[in-house]
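One letter stands for each residue in the lines below.
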Number of protein chains: 2
Amino acid sequence: MRVVNWFRRNARRVVVPRLKSRGEAALGVSRVELDELTPDVMVFLGQSAYLQLMIFELLAVAVTTAPTTGSKEAVSRVASLALARHQSLSAEIVRKGAVPGEVMAPYASRIEGYRAKVHGADWHEALVTSYVTAGLLDDFFRRLATGLTGSSAVHVAEVYATEDGHAILLEQLRGEIESDPRLASRLAMWGRRLVGDTLLIARSVLAMPESGDAEAKLEPVFTELIAAHTRRMDALGLTA
Amino acid sequence: MRVVNWFRRNARRVVVPRLKSRGEAALGVSRVELDELTPDVMVFLGQSAYLQLMIFELLAVAVTTAPTTGSKEAVSRVASLALARHQSLSAEIVRKGAVPGEVMAPYASRIEGYRAKVHGADWHEALVTSYVTAGLLDDFFRRLATGLTGSSAVHVAEVYATEDGHAILLEQLRGEIESDPRLASRLAMWGRRLVGDTLLIARSVLAMPESGDAEAKLEPVFTELIAAHTRRMDALGLTA
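Rules used in this analysis
Residues numbered from 1 in each chain as written. Chains lettered and ligands numbered in written order. Predicted model: local features only at pLDDT ≥ 70, side-chain atom pairs only at ≥ 80, totals over all residues. Heavy atoms only, no water. Helix = DSSP H or I, 4+ residues; strand = E, 2+ residues; numbered from the N terminus. Buried < 20%, exposed > 50% of the residue type's maximum accessible area, 1.4 Å probe, protein only. Contact = heavy atoms within 4.5 Å. Areas by Shrake-Rupley, 256 points an atom, 1.4 Å probe, with all protein chains shown as cover. Least-squares fit on C-alpha atoms with pLDDT ≥ 70 in both. Core = buried A, V, L, I, M, F, W, Y, C linked by side-chain atoms within 4.5 Å. Expected span 1.5 Å × (residues − 1). Salt bridge = Lys/Arg side-chain N within 4 Å of Asp/Glu carboxyl O. Buried area = accessible area lost by both parts, 1.4 Å probe. Polar contact = N/O pair within 3.5 Å; in protein donor to acceptor, adjacent residues only side chain to side chain. Axes fitted to C-alpha atoms, helices over the stretch in contact; angles between N-to-C directions. Left-handed = near helix turned anticlockwise from the far one by under 90°. Nonpolar A, V, L, I, M, F, W, Y, C, P; charged D, E, K, R; others polar. Phe/Tyr/Trp six-rings, centres within 6.5 Å; stacked < 30°, edge-to-face > 60°. pLDDT = per-residue confidence, 0-100.

A. Representation of the overall build of chain A in the model. For chain A, the count of helices and strands is 11 helices and 0 strands. For chain A, buried positions account for 57% of its 240 residues. Once local pairs closer than 6 in sequence are excluded, the contacts in chain A between residues at least 24 apart make up 83%. When the accessible surface of chain A is summed, it comes to about 10200 Å², and 56% of that surface belongs to carbon and sulfur atoms.

As structure tokens, this is what we get:
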């Protein structure tokens with residue numbers, strides 16, 4: 001179980017995320033591309049569309065449980081952006097002659113298992129989940145999309161370039177943490193818990209070859225994803 | 001409690017919904033306008049925006065609980081249409097110089113009480129709720145909007161003229177009832193239960209004058225709303 005070890009090692013390393021990882025140093029690369037590990041376009045679209053739908057659903061629950069009409073309104077804007085992305089990914093599936101529901105179906109049980117772990121116990125946790133998991137997954141799929149070819153590569157890149165609503169979530173969460181500073185430690189812990197499961201679900205999307213090289217290549221990519229995550233947590237005033 | 005009596009009387013009358021109501025006959029009108037009872041534009045927008053958000057939330061829950069990725073996909077399309085309408089109504093609030101969350105706030109507790117009654121016990125009931133309540137409320141607000149003035153009248157009319165996704169819900173529900181005919185009686189009963197609460201919430205939006213005339217005018221309007229509801233239930237193969 002190399003992956004699990006990897007996560008464990010990085011949990012310590014995450015405090016200084018801008019440093020080069022040991023993986024990068026060993027391989028002598030400055031920036032690792034994921035495109036060699038990009039799966040077949042339908043595999044990519046099925047999973048990115050389903051995960052985007054799941055993020056929408058998390059946000060939709062957060063709309064329902066929002067404590068004020070103002071926060072409800074704000075989160076609904078983020079939900080609509082997530083849903084628009086899902087619909088664009090679905091539209092790409094349709095453009096390629098397939099049915100979105102069918103293309104997503106093989107990933108339903110795995111992604112539902114992931115959702116069950118990350119949905120959060122209350123409004124604050126659900127908001128952190130949306131912020132953290134969407135951030136990680138967007139970064140991941142954006143990189144992975146560079147390995148797609150033809151018009152799908154263009155369309156998917158456009159989807160992940162659209163407004164993501166993170167600024168709205170950031171503002172909401174900052175406001176909540178300011179008005180109740182006791183939230184900080186609980187939400188920091190929750191944010192930390194999300195990373196492992198999210199990177200595992202991301203990893204499961206990859207077309208991993210038999211050779212051990214792929215694992216070595218992945219490590220610095222994931223280190224970069226975690227570094228970006230750490231910056232997002234910093235922006236909340238929380239320790240990653 | 002005149003309203004309650006009215007509902008009781010109409011519950012019997014609903015079997016022959018195309019007949020003229022006693023109210024219409026007494027007043028000698030062929031079609032009753034609601035525009036005299038249209039409230040102040042902010043009162044209208046606050047409630048229509050909140051109810052539209054609530055319908056979105058019901059649909060979003062139905063996305064989450066959908067039994068297949070295909071139905072999830074279909075319901076998510078309807079959810080996005082409901083959310084787009086909410087956003088257009090919110091945008092109109094902003095255009096008039098106000099903050100949507102603040103304008104909606106006074107109606108939160110009443111509408112949340114309504115939601116608690118209508119959200120449904122499972123996916124099928126939630127879908128019927130979305131279909132039935134959105135149908136009734138759309139009809140109601142569309143009529144009420146004719147009493148607005150200026151640019152708001154135009155914008156709101158445009159909102160309620162956008163695609164509503166009812167056809168998708170109809171298709172989903174028909175498919176479910178066909179594959180499990182035992183659903184029919186339970187969903188028919190559920191649909192019937194929704195009407196009273198929905199007409200009460202609609203009625204609470206109105207600017208009701210002191211005189212008793214308004215009540216008499218309302219009756220045929222509500223009879224027409226119920227007639228349209230009955231046709232929607234007929235389309236599902238269910239008795240209203």
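B. Inspection of the relation of the copies chain A and chain B at higher detail. Laying chain A over chain B is done by rotating through 180° and shifting 0.0 Å along the axis; what remains is an RMSD of 0.0 Å. What the superposition gives is, in effect, a two-fold axis relating one chain to the other. Across chain A, the rotation axis passes nearest the C-alpha of Ala60 of chain A, at a separation of 3.0 Å. Of all interface residues in chain A, 100% are interface residues in chain B too; the two copies therefore contact each other through one and the same surface.

C. Expanded view of the nonpolar core. One finds Phe56, Phe140 and Phe141 of chain A together with Phe56, Phe140 and Phe141 of chain B to be the most contacted residues of the largest nonpolar core, which totals 154 residues. The element contributing the most residues to this core is helix H3 (residues 41-65) of chain B, with 16 residues. Filtering out sequence-adjacent residues up to four positions away, Phe140 of chain A remains in contact with Leu34, Ala202, Val205, Leu206, Phe222 and Leu225 of chain A.

D. Main features of helix H9 (residues 166-179) of chain B. Residue and element names in this part refer to chain B. Taking 1.5 Å per residue, 14 residues should reach 20 Å; H9 reaches 20 Å between its end C-alpha atoms and fits that length. His166, Ile168, Leu169, Leu170, Gln172, Leu173, Glu176 and Ile177 are the residues of H9 that are buried. Elements that come into contact with the buried residues of H9 comprise H3, helix H4 (69-95), helix H7 (123-144), helix H10 (183-205) and helix H11 (213-235).

E. Spatial organisation of the pattern of salt bridges. Tallied over the full model, the rule gives 26 salt bridges over all chains. The partner of Lys72 of chain A in a salt bridge is Glu112 of chain B, with the nearest N and O atoms 3.7 Å apart. With one member in each of two chains, Lys72 of chain A in helix H4 (residues 69-95) and Glu112 of chain B in helix H6 (residues 108-118) form a pair that bridges those chains. For Lys72 of chain A, a relative accessible area of 3% gives the class buried. Among the residues examined, Glu112 of chain B registers a relative accessible area of 25% and is labelled partly exposed.

F. Local environment of H4 of chain B. Taking 1.5 Å of rise per residue, 27 residues should cover 39 Å, and H4 of chain B covers 38 Å from first to last C-alpha, within 8% of that figure. One or two steps after H4 of chain B, the chain reaches Gly97 of chain B, where phi turns positive at roughly 85°.

G. Structural context of the interface of chain A and chain B. Opposite the 27 residues of chain A that make contact, chain B presents 27 residues. Interface area, chain A with chain B, both sides summed: about 1800 Å², of which 62% is carbon and sulfur. The largest per-residue losses of area from chain A upon contact with chain B belong to Thr69, Lys72 and Glu73 of chain A, which jointly make up 28% of the total buried on that side. Our count for the chain A to chain B interface comes out at 12 residue pairs in polar contact (both at pLDDT 80 or more). Taken together, the elements giving at least two residues each to the side of chain A that touches chain B come down to helix H3 (41-65), H4, helix H5 (100-104) and helix H6 (108-118) of chain A.

H. Layout of the packing of helix H7 (residues 123-144) of chain A against helix H10 (residues 183-203) of chain A. Residues and elements named next belong to chain A. Running from amino to carboxyl end, H7 crosses H10 at an angle of 35°, the nearest separation of the two axes being 9 Å. The two elements H7 and H10 meet at a crossing, and its hand is right-handed. Here His124, Glu125, Val128, Thr129, Val132, Thr133, Leu136, Leu137 and Phe140 of H7 come into contact with H10, specifically with Leu183, Arg186, Leu187, Trp190, Gly191, Leu194, Val195, Thr198, Leu199, Ile201 and Ala202. Class assignment of the residues belonging to the contact of H7 with H10 gives a composition of 13 nonpolar, 5 polar and 2 charged.

I. Spatial organisation of the packing of aromatic side chains. All names here are of chain A. For the structure shown, the criterion picks out 9 aromatic pairs over all chains. Relative to Phe141, the ring of Phe44 lies with its centre 5.4 Å away and its plane at 85°, an arrangement referred to as edge-to-face. Of this pair, Phe44 sits in helix H3 while Phe141 sits in helix H7, and the two are 97 residues apart along the sequence. Taken together, a centroid distance of 5.3 Å and an interplanar angle of 75° make the contact between Phe140 and Phe141 edge-to-face. Residues Phe140 and Phe141 agree in their burial class; the two are buried. These aromatic residues form a ring-pair network of at least three members: Phe44, Phe140, Phe141, Tyr160 and Phe222.

J. Broad picture of the confidence of the model for chain A. Residues and elements named next belong to chain A. Residues with a pLDDT of 70 or more make up 86% of chain A, whose mean pLDDT is 86. Confidence drops under a pLDDT of 50 for residues 1-31, and excluding neighbours within four residues, the segment shows 43 contacts in the predicted structure. In the model output, the complex is listed with pTM 0.81 alongside ipTM 0.76.

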